[in-house]
Structure formats: structure tokens, C-alpha cells
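# Chains, contacts and geometry: an overview
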Amino acid sequence: MHRDSPCSPLNGAGKHNRQVSSTDVFERDVQRLRTIFAAAQPGMADASAAAPAPAPASGVTFPITGTDNGAVLGSLDYSVMVGFGTPAQQLPMDFDTLRLGHGISTLRCKPCRAGVPCEPAFDPSMSSSFARVACGRECPFPCNGFSCPLDMRFSNHSVMANGTFVKDTLTLLPSATVVGSFVLACIDVDNFHITGSSGLLDLSRSRFSLVSRLTSSRYPVDNTTATFSYCLPASPASTSGFLSIGGALPDLSSGDAGSTPLVTNPAFYKNDYLVKLSSISVGMTMLPLPAATPSNLAALEVGTAFTFFPPAIYGAFRDEFRKQMTQYRMAPPYRMLDTCYNFTGLPGFGMPGIVLEFEGGATLQPDIDQMMYFVDGGHSYNHVCLAFAALPENFPYSVVGNRAQQTVELVYDVRGGKVGFIQASC
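Residues numbered from 1 in each chain as written. Predicted model: local features only at pLDDT ≥ 70, side-chain atom pairs only at ≥ 80, totals over all residues. Heavy atoms only, no water.

Backbone torsion omega between T86 and P87 reads -5 degrees, so that peptide bond is classified as cis. Here the bond from E119 into P120 is cis, since omega is -5 degrees, no more than 30 degrees from zero. Relative to the assigned elements, P120 resides in the loop between strand 3 (106-108) and strand 4 (131-132). The phi dihedral of T407 is positive, around 75 degrees, even though this residue is not glycine. (Helix = DSSP H or I, 4+ residues; strand = E, 2+ residues; numbered from the N terminus.)

A few words on the state of the cysteines. What we call a disulfide is simply a covalent bond connecting the sulfur atoms of a pair of cysteines. In the structure shown here, the tally under the stated rule is six disulfides. A sulfur-sulfur distance of 2.0 Å marks the disulfide that ties C109 to C186. Looking along the S-S bond of the C109-C186 disulfide, the torsion reads about -75 degrees, which is the left-handed sense. One end of the pair, C109, is in the loop between strand 3 and strand 4; the other, C186, is in strand 7 (residues 177-187), with 77 residues separating them in the sequence. Pair check on accessibility: C109 and C186 agree, each one buried. Disulfide pairing is shown between C231 and C426; the S-S distance is 2.1 Å. One disulfide, between C231 and C426, carries an S-S torsion of -90 degrees and so falls in the left-handed class. (Disulfide = S-S within 2.5 Å. Buried < 20%, exposed > 50% of the residue type's maximum accessible area, 1.4 Å probe, protein only.)

What follows concerns the sheet that holds strand 10 (residues 242-245). Strand order in the open sheet formed by five strands is 10-9-24-25-11, with antiparallel pairing between adjacent strands. Edge positions in the sheet fall to strand 10 and strand 11 (257-261), since each has one partner strand and no second. Ignoring strand direction, the axes of neighbouring strands in this sheet form an average angle of 15 degrees. Here strand 24 (residues 409-413) runs beside strand 25 (residues 418-422); their pairing, made up of five bridges, is antiparallel. Directly across from E409, in strand 25, lies its bridge partner I422. (Pairing = 2+ DSSP bridges. Axes fitted to C-alpha atoms, helices over the stretch in contact; angles between N-to-C directions.)

On to the pairing of strand 13 (residues 285-288). In this sheet, strand 13 lies alongside strand 12 (residues 274-282) in antiparallel orientation, the contact comprising four bridges. Within strand 13, the position partnered with S281 by the bridge is M286. Connecting the antiparallel pair strand 12 and strand 13 is a turn made up of two residues, with G283 showing a positive phi of about 65 degrees.

To continue, consider the pattern of salt bridges. According to the stated counting rule, one finds eight salt bridges in the structure shown. Across the pair D188 and R113 runs a salt bridge whose closest N-O atoms are separated by 3.3 Å. Here D188 is found in the loop between strand 7 and strand 8 (199-202), whereas its partner R113 is found in the loop between strand 3 and strand 4, with 75 residues between them in sequence. Given a relative accessible area of 15%, D188 falls into the buried group. Judged by its relative accessible area of 30%, R113 is partly exposed. Linked through salt bridges whose partners overlap, the residues forming this network are R318, D319, R322 and D338. (Salt bridge = Lys/Arg side-chain N within 4 Å of Asp/Glu carboxyl O.)

Pairing in this open sheet of four strands is antiparallel, and the strands run 16-17-21-20 from one edge to the other. This sheet does not close on itself; its edge strands, each paired only once, are strand 16 (330-331) and strand 20 (372-374). The sheet contact formed by strand 16 and strand 17 (residues 340-341) spans two bridges and is antiparallel. When the bridges of strand 17 are listed, A331 appears paired with C340.

So, in C-alpha cells, the structure goes:
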């Protein structure tokens, strides 16, 4: 569920109830982009947990207001209920497909740090299968002594989270998928994505992620099982979204489905799920993308709301969209969204469809609520902006945000080396 859904445990009983302003949405995206940029730099993939969080390289700037510590990972929008322990304690956890938090899953555990909220949190004393991870092969990071500690810090070296690595039984309902002795980090503070959830379920291709655990120990050699798939609901009010782990690989050859190969070159992107954009269509006009440069690489991002392209690609896309919208009155830009319109007083309005096509023919075709951002809410047409923006020049790849993915099931066939797209799944 979206974290702002009235049915979400993160937004229930007034405990975390909040009205998220448009400013909050943009600042979360900016913080997320900063972290993506830092994590995408060569050599960062194997940084230890105790290392300071990297800052963006000189010349890379993102518009942001408010407090900025240079290390905030941004706030993930979607969470699922996960069982941990025996008997299973049901806890809301965010999930992420990019390796941004050192490729590990985290969970807030009791006893929590003094003075910080501690509910909901995992209680190790209530689980009969709980065990601490000893220093050695199962420990994700170098350590000395018996225990396997976690020490995460901000770029100013202040402590972000203290904890230790543990293992216990992970249960996913209603599919009843069970992963025994799953290793994650028990931390003493709120999940560091600052969403109110109990933790983070890492679905990257990191060596210690849930995906790596499943692909190394559960998968049949004939590749009939999808590592995972997800479908993001069309609005925060919807409860039709889902995350599926270890389900049967669906048919991706039907008319409402398609697939695209995962990119594993350059080598330092091997832990990421990158695909290639082959074209962008605006109405009947197709904008071809350069095939010989990395600018057509794209990450399918669950933690970023909007979609961002390199300047050359975005410029051509924006100009074609504006060309086909000349009959409408433009409005001032809003934050990083620079193509906005005022439809007030009109009996109706139309706009060209947008299609993102990926290598192999898979497509995303956002509808009007996904391709446009209504600044003053969905019932106000006086300030409506194209929900796409430009990245800094040296950003390593395009970022396809969660708005553009809504209602489409993305099937991650990691062993098969592809991502499938199934339209209208939720």
C-alpha cells in the first residue's frame, strides 16, 4: 500500500496521519536522486556500512529547500506487511529495488534507543527461532569478535543507526512464502527512510538481499519462478497493489505483456536492475534515443515519484509535448517541472499520449493522472504540469518513477535476465 493510504498501518489511528504537501514530494525525490547518484559511482558498490555516506560530486546540483544532511535516502512510498520470527510478528516494511542502503534489509528491534518511538518493532524475546549472526561468512561486513555489528553514519560522521545482524524466519502472506534464517540488521531507531515503517526489505541484487537468497537456494533450474514482481496501485486510496515473492513466472508473450533484458554492463551496475529505453513517443511522434551511449539506460524506481531523463532526451521530449499542446495556455513552472498549463474554464482538454518503449518491445503508457501532476490537487485544473523533469548532465541513467509504473505489474526474472511488463494488473 501507499504510505498515505487510509488503510495503511503507517497512516492509521492518527499515529502517522499527515497531509503530504507537494513540497514534501519534490524534496523526497531530490533526496532520493542524490543518493542514487552517489551509489551509482564506480567503487561505491562495495563500501562498508561504517563508511560515511557519499556526497554528490562537484557540479551535480538538485533544487531543494529545508534541512539537507547529504545522506538522507529519501522516503519510499510503498510498504507491505511482512512476518518475522516464530510465531511471525506482522510488521510494515518498505521495499526497495535499488542497492542504496548497502544492499541489506533492516528492521527496528526492541529495545529501541531511548527517547525514540518503538512501535511497531520486532521483539526478539518473543521468537523461538531468533539468532544473532556471528562474525564470519554470514556477516555482511568485516568485523572482529563474536557479533556482527552495524554502524551507519551520516556524511558528517554522526551516528545514523546502531544495531547488529540477526537471522530469523521471514514469512510473506498470503502466499505463505517462508525463508528460514533470513539475515537482516536489527537497528535501534526508525527505519532510516523516515517513513514510519518498521524496516526495509532489500530486493536488489546485492549479495545479502532477499533476491540473492531466493535465487541461490530456492529456484528450479528450468527458471519457471519469478524472483519477485510488484504492481503499484493507481492512487494512495487503492488497496489493489501487491508484491509477489517467488511466484510462478507469468506468460510474458501475450498481447498485454512484454519484456526487456536487464543490463549488466558496465560491470559496476551489476547489482542494479537497469534496462534500455529504445524510444519515447509523444502522440504519433517517436523520439529515437541514442543507442551507442549510456544515456538510454534507465532504472525502474519504486522510491522516486516522478520520471527524470538526461537533459538532451528530456529537451526533445518536452519540446515535442509543448508543440502538440500549443492550443492551451501555459502556467508558470513548478519546482523542477517546467511544462505546466492552466486549463481553468475550459469545457475539457486533451493531450498527446506518452509511450516509453524499452529494448525488446516492453512499454509503459501512463494515463493522464500518471503523466501529469495536479499541483493543487486532482480536482483543480489551474496548475497542471508534465510529471517529467531533467537530470543533471552527468547523472548516470534515466530514472522511471513510480507514477509512470502504476497499475503495471513489473516481473523481475533475475535468473532469466529480464524484466516483464503486464498491463493493468492492479
